[in-house]
Each structure stands twice: as structure tokens, then as C-alpha cells.
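# Architecture and fold: a report
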Amino acid sequence: MTTPDDLPARLRRALADRLVDSGALRDPAWRAAVEAVPREVFLGTAIASIEHGDRSRVTRREEVSEEEWLRLAYDDQTWVTQIDQVMAESGQGDMRGGPTSSSTLPSLVVRMLEAAGIAEGESVLEIGTGTGYSTALMCHRLGERAVTSVEYDPEVAERARAALTRAGYAPTLVVGDGLAGYDKNAEYDRLIATCAVRSIPFPWMWQVRDGGTITAPLTGWMYGSAFAHLTLADDGTASGRFLGQDIYFMTARPHERPPHASPYLRGQARESRIDPNVLDTQPGLFVAQLAVPAAQKLGFGDEVILLDVGTGSQASTTASPDGGWTVRQHGPVRLWDAVEEAVLTWQEAGSPHQSGFGLTVTRNRQYVWLGDPEGPSWDLPS
């Protein structure tokens, strides 16, 4: 018969089994970490799940049994811990707003750690401490002295520090802008980001040793994403092909898209050369974002709206009676023209997944290339 004291350990083993069966967890050393680190410690006293639109349902630890709380903790589920910068335990009733911090589902966390290729004896800089769960997994495997983690939000950072202390770990924890890294413990063997970025911050390049790696989700203002894994060269550049895993993390706050007003649809009309529905696929959306990195996307299907708030440029599509699509464009940047060229180039190459692309970072330029570094390319925003 299982006693209450046995239950957390049993649930950790069961979680590890599920992660192995799903293919997310392959390395025995990370399995040992999953079986050792108490995830419930990192959830605080309330968690939220996104129910409808911007409404989140809050579950408070005091409202459920200890066994139910533990089972929630060891579900392979993302639990939101902060909404619009208000901690879940501080909210009243169900909360409205967008998630700003969470305990990411364990399968995604371990996929990230395995993809980074972290091994014993290496030092790691983690960008985005969050709840501290992934930090604890690395501390268990590498030792706390090898782990440095930076968190942007002071309240989130303080909660993570308390949870890590309670779990028995004392890594270097820094409150600050993770895009600046943390040079005091440099050089690092590995840098991993548990937040998505629009481009690779140059301080990261300076703080990782030659031959080291940067593993980070790349995103943009359309929320197209790819999973970057770059190796640093001795000439100060970094390059690598995007990985095959689809990894999604919240965008680093300084890289979030700006607010926009309601679009005023107008402009010259013509026939579209591409099906707007292609932007409903992640690879197609990623390609469109490469073409117009300052644009935001509204709508879906046949009716897509692109907005560039900096220039006031707009593009909108509608289905045509003849079965095609009409596009209207307004402003100094012809957004849809650029999207068409990029999408057609991608389709001519066979419409590959993002892993068919790569990223090169130099002192003067960051660019995504298709196929190989000499192939078609698009500059990232600096």
C-alpha cells in the first residue's frame, strides 16, 4: 500500500515513464533528475489553466486535497503561475489576461535540455528562471555551482529562489534582463533560453566559449517559431540549422510586439499569387514573418490582415468569386508582395519544416537561410 510519503516519489517515476514513452526523455541522467526534483515545490500555492480566450481558471492548493495537488503537479501540463504580471495566488477568482510566467510542461522542458546537449562538467547560463523547475533539474545533474539563471521579473525571481532553496539547491540566481546575459560567471559551455527571442542578443555571443552552444526558441511578431541551436566559432560568429522539434515558449518581454490599433482596410487591389491559408501553418507563418519581421498578423484562413505599426502599412486578403484571393495593400511597405516572394521561394524548395532552415550570426548581420548558408536568406531585426 502506498503511503502519503511515497506518493510524490511514485508520481515522479510515473512522470518519467510517460516522458520516456512519448520520446521526450531519452538520457538516463535527465530521467534521474526528473525522478529527484519535486515539481510541486515550484508551483507555489495557486496555478491557472487557460480556459477560454483571455480567461484563466485558478486552482488553489488549499481548495484541493494533497493527493489531487500532487497529481496536478506531475501531469505533463503547463500551469500558468502569473497572468498580466499578477501572481496566480494574488488574483481573485478566475483571472483575465495573458500568461506572463508559467511552469512549462515537463516534456517540453526535458526536450529543451536534451536538445542543448548539456553534459556533466559543463557550465550553463539559463535565460528565464521562471518557477525554477528547469533550473533545479540542471542543478541535480550538473551541480549548483555550474548553473547560472537570469529572471526578468523580480517577483517571479524571488519565488523561484525560495522554491530552489526549499528543494535544496543554490545556483547563481540573477534578477535582470536576460538579453544581457550575466558576464560575471562567463564563459559558459552552454546557453539555453526558456523564453523566445526575435534575434540572438550579442551579449550571449560574448559570454559563450568558442565551440559552445546557444539553444533558444526564435519567434517574431507573427508568432511564427523555430528552434535554434547554434555553435560558436572562434571567429566570433555562430551558426546552425534549426532543430526538428517544435518548441514554444513565451516571448522575452523586451521582444514582445507593440500594441496596435484596429486596422482600417483599404488600398489597391490585385490577385494574390499565394493562398493566404498557408499562413495558418507554422512553417508558412515562419516564412512570412521572415519576409516582414515588423508586421503582425490578424485573422486566419482566406481573410488575413498584416499590420506594420511602425510605418502604418497594411495588407488584407479575401476570397475571390473565381476561387482565388484578392489582396489590398496600403502604405510605404508592400507587405504582401514581400510575403509572396518568400512563400514562393519556400514552396519551390519543397515547403520544408523550419528544420530545413538555419541561422547565422555575425558581428554585422543575423540572417536565416534556406537549405544552406549560401541559399536564399532573410535578415532578422537587429
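Note: the structure precedes this text.
In short, a report on the structure. Given the structure is predicted, the values throughout are model-derived calculations rather than measurements.

## A word on the overall build of the protein
When helices and strands are tallied, the protein shows nine helices and 21 strands. Expected size for 382 residues packed as a compact globule is a radius of gyration near 21 Å; at 22 Å, the protein falls within 12% of this value. Overall, the protein is about 70 × 50 × 35 Å in size when its C-alpha atoms are taken along their principal axes. The buried share of the protein, reckoned over its 382 residues, is 53%. Only carbon and sulfur atoms are counted for the fraction: they give 49% of the accessible area of the protein, which is about 16,600 Å².

## Some points on the pairing of strand E8 (residues 147–151)
As a general feature of sheets, a regular strand has side chains that alternate between the two faces. Burial analysis of E8 places five of its five residues in the buried class, which makes it a mostly covered element. Bridge count between strand E7 (residues 124–127) and E8: four bridges; the pairing is parallel. In the strand pairing of E8, Leu125 is matched with Thr148. In the sheet, E8 pairs with strand E9 (residues 172–175) via four bridges, with the strands oriented parallel.

## A word on a negative patch on the surface
A cluster of acidic side chains, namely Glu187, Asp210, Asp234 and Asp235, defines a negative patch on the protein surface. Looking at the secondary structure, you find Asp235 in the loop between strand E12 (226–232) and strand E13 (238–241). On the basis of relative accessible area, Asp235 is assigned to the partly exposed category, the value being 49%.

## Looking at the environment of Val361
When you line up the elements, Val361 lands in strand E19 (residues 357–361). Between the C-alpha atom of Val361 and that of Ser239, which follows or precedes it by 122 residues, the distance is 6.2 Å. Sequence-distant contacts of Val361, defined by excluding residues within four places in its chain, comprise Ile200, Phe202, Met205, Leu230, Thr237, Ala238 and Gln366.

## Brief notes about the packing of helix H2 (residues 28–36) against helix H5 (residues 133–142)
Running from N to C, H2 and H5 cross one another at 120°; their axes reach a closest spacing of 9 Å. Here H2 lies oblique to H5, going by the angle between them. Here H2 runs over H5; the crossing is right-handed. Facing H2, whose interface residues are Ala29, Trp30, Ala32, Ala33, Val34 and Ala36, H5 presents Tyr133, Leu137, Met138, His140 and Arg141. Within the contact of H2 with H5, the residues separate by chemical class into nine nonpolar, one polar and one charged.

## What about helix H9 (residues 335–348)?
In this model, H9 (14 residues) spans 20 Å end to end at C-alpha, consistent with the 20 Å of a helix rising 1.5 Å per residue. Turning to H9, its buried residues are Leu335, Trp336, Val339, Glu340, Ala342, Val343 and Trp346. Gly350 lies just past H9 and shows a positive phi near 100°.

## Quick notes on the pattern of salt bridges
Summed over the entire model, instances satisfying the criterion amount to 17 salt bridges. Note that Glu120 and Arg141 form a salt bridge whose closest N and O atoms lie 2.9 Å from each other. Here the residue Glu120 occupies a position in the loop between helix H4 (106–115) and E7, and Arg141 occupies one in helix H5, the gap between them amounting to 21 residues. Using a relative accessible area of 48% as the deciding quantity, one classes Glu120 as partly exposed. Taking the relative accessible area as the measure of exposure, Arg141 reaches 13% and is therefore buried. A salt bridge links Glu340 to Arg273; the nearest nitrogen and oxygen atoms lie 3.4 Å apart. Separated by 67 residues along the polypeptide, Glu340 in helix H9 and Arg273 in the loop between strand E14 (268–271) and helix H8 (282–291) bring together distant segments of the chain. Using a relative accessible area of 1% as the deciding quantity, one classes Glu340 as buried. In this structure Arg273 comes out as partly exposed when scored by relative accessible area, which is 45%. Each of Arg270, Arg273, Asp337, Glu340 and Glu341 takes part in one network of salt bridges that share partners.

## Let's talk about the side chain of Asp308
In this fold, Asp308 is placed in strand E16 (residues 303–308). For the buried Asp308, no salt bridge is present, and the opposite-charge side chain at shortest range is Arg198, 8.7 Å distant. Polar contacts involving the side chain of Asp308 include one to the side chain of Thr311, which spans 3.2 Å.

## Details of empty space enclosed by the protein
Empty space left among the atoms is revealed by rolling a probe the size of a water molecule over them. For the structure on display, the rule yields three cavities of 30 Å³ or more. In this structure, the largest cavity encloses a volume near 80 Å³. Lining the largest cavity are Arg198, Leu218, Thr219, Gly220, Phe286, Gln289, Leu290, Pro293, Asp379, Leu380 and Pro381. Looking at the lining of the largest cavity element by element, the count peaks at three residues for H8. In terms of residue class, the lining of the largest cavity is made up of six nonpolar, three polar and two charged.

## Examining the nonpolar core
Proteins that are soluble and globular tend to have nonpolar side chains buried together. Ranked by size, the top nonpolar core spans 54 residues in total, and within it Trp204, Val339 and Phe357 carry the most contacts. With near-sequence residues (within four places) excluded, Val339 lies in contact with Ile274, Leu279, Ala288, Ala291, Val292 and Leu306.

## Structural notes on the layout of surface pockets
Estimates place the volume of the largest pocket at around 1,000 Å³. Taken together, 47 residues line the largest pocket, and the ones lying closest to its centre are Thr100, Thr194, Phe249, Met250 and Thr251. Taken together, the elements giving at least two residues each to the lining of the largest pocket come down to strand E6 (99–103), H4, H5, E8 and strand E11 (208–218). Considering each element in turn, the lining of the largest pocket owes the most residues, five residues, to E6. Tallied by class, the residues present in the lining of the largest pocket amount to 23 nonpolar, 19 polar and five charged. Here the second largest pocket defines a volume of roughly 200 Å³. Around the second largest pocket, the lining comprises 15 residues; the ones closest to its centre are Ser199, Gln366, Leu380, Pro381 and Ser382. Here the lining of the second largest pocket is composed, by residue class, of six nonpolar, five polar and four charged.

About the criteria used
- Residues numbered from 1 in each chain as written.
- Predicted model: local features only at pLDDT ≥ 70, side-chain atom pairs only at ≥ 80, totals over all residues.
- Heavy atoms only, no water.
- Helix = DSSP H or I, 4+ residues; strand = E, 2+ residues; numbered from the N terminus.
- Rg over C-alpha atoms; globule rule 2.2 N^0.38 Å.
- Buried < 20%, exposed > 50% of the residue type's maximum accessible area, 1.4 Å probe, protein only.
- Areas by Shrake-Rupley, 256 points an atom, 1.4 Å probe, with all protein chains shown as cover.
- Pairing = 2+ DSSP bridges.
- Patch = residues over 30% accessible without salt bridge, like charges linked within 9 Å, V, L, I, M, F, W, Y side chains within 5 Å.
- Salt bridge = Lys/Arg side-chain N within 4 Å of Asp/Glu carboxyl O.
- Lys, Arg positive; Asp, Glu negative; His and termini not counted.
- Charge placed at Lys NZ, Arg CZ, Asp CG, Glu CD.
- Contact = heavy atoms within 4.5 Å.
- Axes fitted to C-alpha atoms, helices over the stretch in contact; angles between N-to-C directions.
- Parallel < 35°, antiparallel > 145°, perpendicular 65-115°, else oblique.
- Left-handed = near helix turned anticlockwise from the far one by under 90°.
- Nonpolar A, V, L, I, M, F, W, Y, C, P; charged D, E, K, R; others polar.
- Expected span 1.5 Å × (residues − 1).
- Polar contact = N/O pair within 3.5 Å; in protein donor to acceptor, adjacent residues only side chain to side chain.
- 1 Å grid on protein atoms, 1.4 Å probe; cavity = no way out; pocket = protein on both sides within 12 Å on 5 of 7 lines; lining within 4 Å.
- Points joined across faces, edges and corners; volume = space filled by probe spheres on them.
- Core = buried A, V, L, I, M, F, W, Y, C linked by side-chain atoms within 4.5 Å.

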